[in-house]
Every structure is written in C-alpha cells, then in structure tokens.
Amino acid sequence: MSHSPTVLALQGISKRFPGVQALDDINLSLRAGEVHALLGENGAGKSTLMKILSGIERPDQGQILLAGRECRFDSYRDARAAGVGMVFQEFSLIPDLDAVDNLFLGRYPRNRWARLDRRQMLAQAREMFGSLGVDMPLEVPVARLSVAMQQFVEIAKALSLQARILVLDEPTATLTPQEARRLFGLMRRLQAQQVAMVFISHHLDEIFEVCDQVSVLRDGRNAGHARVADTSVDELVRMMVGRQVAQSYPPRQAGGDAGRPVLEVSGIQLAPEGPVNAFELREGEILGFAGLVGSGRSELALGLIGAGPVHAKQVRIDGRPRALRSPAEALACGVGLLPENRKAQGLLTEFSIRFNISVNQLRRFSRHGLLRRRAETQACEAVCRRLGVKAGNIEARVGTLSGGNQQKVVIARWLSQACKVLIFDEPTRGIDVGAKAEIYALMRELTQTGVAIILISSELPEIVGLSDRVAVFAAGRIVCTLVGPEIQATELLRHAARGTAT
Ligand SMILES: Nc1ncnc2c1ncn2[C@@H]1O[C@H](COP(=O)(O)OP(=O)(O)OP(=O)(O)O)[C@@H](O)[C@H]1O
Ligand SMILES: [Mg+2]
C-alpha cells in the first residue's frame, strides 16, 4: 500500500468564517487504494476541509494537488469532473424526487432518440442498491424513506460517479452496525479498484475495521497522524480531545427501588392486525428500548405521542387517562420526544441557538408575560457549556454550526425541558466522544430529579450501560423486559433475534 502513488495532497489549507478560524494550515495526503480516517471533535473542521476538496467552499490559503498537479475547484461539478465524489453529512438529496431521479440528477442517461432512458436508469439503480445489499423502494419520493434509506441513496449517488477519490462524511451516523458492515464491504471492493477514500466517523471502532491511515484535527489544526495498525482508541481520543476521556457510564439508581409509574401504556397497537403491546415507565428510571432496526421501537414511540399512526392505545400519565392525539398534546402532558430524524424534525436552522433551545419552554422563562431573558440566557449558556457546543455565543445561527453541534443544540433543548417523561431516539448519533459522556451524565441527573426517560438506541453498549430496565423488541412486539444483572449484550441480542428466527 505504501508503494501506491499519492493521488491527493492538501497543503497548507486555511479557512476562516466570521468569528471562527475553521482551518489553520492543514496538510493531508492520500494514496490510491487507501481508506483514510479523518477524526476530530464536533466542529474540529472535518466537513469544511472536505467541502474545500470538493469545490463547495474555497480555501483562503493553500493548495489542492491531484496526482501532483495543482487544481482549483470552483464548484462541486469541477471536483466531480476531476474524479472527486462526496457523500455529504447533510444529505444532498431532493426530497420530492425518488431514489432513481436523485441518483441520476444532472446526468441522465439518454437512449438513442435522445430521450431519458428510464428503463436503463431503473436497471442501473437496482444494480447499485443490490450491490449495497439494500432493498430500496425505488419509485417513492425520498422524503418518505427512513433516514437509513436516505443515507443509502446519498451513498449510492456518490458511488455512481465512479470517483477516483471518494469522501464519506459520517456515512454510518444514521446506519445500524449491520448496515454499516455492508457499506464497509463495498468500500473494500472499491479499495481493490484503487479508489482512495476519506472516511469520517465518530465511531472509533469503525476506524479499526475499515481504515488504513488516520489523521486527526483539533480546533482546525493537524493534531496527529498514524497508521491504524500502530495506534489505539485511547491514543486517538487523546489526539482528538487533548486529554483522557473516561468512557464510563454514570452509576445507576442506588438501591434500584422502583419508583411509582408515571407512564402506563396498555393495548398499544400500531396496525389493526399488529401486535398489542403494554409497558410502564417509572419515576426516575431509564427504560431502554432495544431491538433490531424495524423492530418497531421508534414507531411505537411516535405512535405513543401522536406523531405516527396508531390503531389503538390506552395511556395513563400519573394515573390519569390521556389521549395524546398530537405531539403538542403530549408535550402539554409533560411527554417530550427527541426524534431520530433531527435534521428534518428538530431544528430551526435560521434561528439562534438560544431560540432553538428555549423554543418549547418560553412559559418557564416568563413571569407576568415578560420573558425572563437573564434566566433564559444563563440556562442556555450552562447547557451549551456542558455539552461543548462549539459556537461564538448563543446568538449564533444554528445553520452555521457543524453537524454534531447542531445535534447538541436539539439535545440541549430536550435536556433543559421541564418534562416528566422524555423519549430520546438515538440521542448520540454524530456526537463526539467527550460530549457523549456529558449527555449520559445529564440524562442520569435528570432522572435524579424524578424525570423518567425512554432511551431508544441501536448502540448496545449505550443501552447496557445506561438502562435500569430494558424492553426488547422483535418484529413489532415487546418480547421481554430485562432488569438489573440480566441487562447484558448477549441476552439482548438473543431476545432481539427471536422475532426474526421463526
Ligand atoms: N458556513 C459557515 N459559516 C460560519 N461558520 C461555519 C460555517 N461552516 C462551518 N463553520 C464553522 O467552522 C467550524 C468547523 O465546522 P465543521 O463543519 O467543519 O466541523 P466538523 O469537524 O465537520 O464537525 P462535526 O463532527 O460536528 O460534523 C465550526 O466552528 C463551524 O461552526
Ligand atoms: Mg461535519
């Protein structure tokens, strides 16, 4: 590998945005057939560097050398023509178009009468998703697909460019471990064809699974480089954060004595013929929802708060029957949900961090109709500091934050919310290692004030490390509830596989 030619050299790249030096004299080089991990905390400059490589942002200083020749890209189109493809962290899909149209946008194949060749497009699309091992609904607007499916369209779109250099900006953030493995298989095939790849991820175990080289950015500067075979998770974390981070989970409830039920759900049924489920959530506990993708965890949560279809449900909050016909009604009853698809559902990117955090709780910060601005400011600043939201100040527009920092803002909103019941769906996707530990600690602190939390996560260590009890889902049904010492990865997997084994 070390004898492969250098296909790309980024030299002395600097980039400033108003109020922030995003990149400061960065160097990075890439060889043919190499998978190069690019690591760094949220806001370290990873996406900005890759946007410069793909012609979307222009550097203030520095050069891009492709196969030794200096290039200047004024647009993504220029970069694409030079063989650079990119899977964007913020998807580049057109929501109203289907997967096929998104795949071929701007470069439709024509038949010999110069007409759009839809048949050929369909065939190529089918082949592409086939090689990814994904059963993609091809002719539905992508807006109606799950986030994971949208991610696969985004990936397929970049792959279909036949790029020599492929940038993957957090492609696995919205994928389950199983889905990620399929992508890795494909990356290995591309590698055999001498494609060079830059791979960005906050899952450090993935780096050891698919990457050869790793470079780390910290606050817009080069913070280290290593061969993956010669480094360790601890060393990478140190390079990223500049200190040791304890990846431990906060201690569980002392005594484990069950509190009184705050939320009692019975007879919840998402479809007329579907399974009927029941569960309860107790004061001060974290109840994990574990299961494979499509096992019904998110659907049940959405149905519960009236944000998704439900055939029947009986809900009691603090012992009183409640209808929960809409998310607003749920919120009024003290039940909030941090959705899985935060990009679409959570954020007002044109507004400030302050507004995005306090948007649901203006009442809490008002007295006699006046907004208590000081209290609001202090609360927002405190939670941003703890989560390490990287921004000039809380008046910054959320749209100018890095992907991970935008997610921290939505999480901050719900963490500082006066809810009795909080449902977190995949809360740490795209979040860097240091901030993850803070989010876990904040969740535990909330439970100590009596808040009850439902945690939906595809990351088993997270479920195992945080939950007081775990409801395991398989094929739309809660197959069992594990408590205390029963909460172990192997047990969870055994029960989660039950629904699919038959
Ligand atoms: N268009 C912009 N306007 C102003 N500031 C920006 C803009 N784009 C990025 N920044 C800032 O540049 C810095 C680097 O952001 P970047 O998106 O490159 O981070 P990142 O390493 O990709 O982080 P993440 O892991 O969260 O995706 C951040 O401080 C961000 O707020
Ligand atoms: Mg990014």
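Residues numbered from 1 in each chain as written. Chains lettered and ligands numbered in written order. Predicted model: local features only at pLDDT ≥ 70, side-chain atom pairs only at ≥ 80, totals over all residues.

**Remarks on the overall build of the protein chain**
A count of helical and extended segments in the protein chain gives 18 helices and 22 strands. Against the compact-globule benchmark of 23 Å for 502 residues, the protein chain has a radius of gyration of 24 Å, which places it among compact chains. Seen through its C-alpha atoms, the protein chain measures out along the principal axes to roughly 70 × 55 × 45 Å. With 502 residues in all, the protein chain has 44% of them scored as buried. (Helix = DSSP H or I, 4+ residues; strand = E, 2+ residues; numbered from the N terminus. Rg over C-alpha atoms; globule rule 2.2 N^0.38 Å. Buried ≥ 20, exposed ≤ 12 C-beta atoms within 10 Å, placed from the backbone.)

**With respect to the site of ligand 1**
Among the 19 residues in the neighbourhood of ligand 1, the closest are listed as N42, S47, T48, S402 and G404. Contributing elements (two or more residues each) for the shell around ligand 1: strand 2 (20-31), helix 1 (46-53) and helix 14 (403-415). Residues of the shell around ligand 1, tallied by class, amount to five nonpolar, 12 polar and two charged. Taken together, domain 1 (6-241) and domain 2 (261-501) each give at least three residues to the shell around ligand 1, which thus spans both. (Near = placed C-beta within 6 Å. Nonpolar A, V, L, I, M, F, W, Y, C, P; charged D, E, K, R; others polar. Domains from an automatic or database assignment.)

**So, the domain arrangement of the protein chain**
Each domain of the protein chain was delimited in the assignment, giving domain 1 (6-241) and domain 2 (261-501). The C-alpha-based centres of domain 1 and domain 2 are spaced at 30 Å. Counting residues at the interface gives 18 residues for domain 1 and 20 residues for domain 2. Of the residues belonging to the side of domain 1 that touches domain 2, the class tally is seven nonpolar, eight polar and three charged. (Contact = placed C-beta atoms within 7 Å.)

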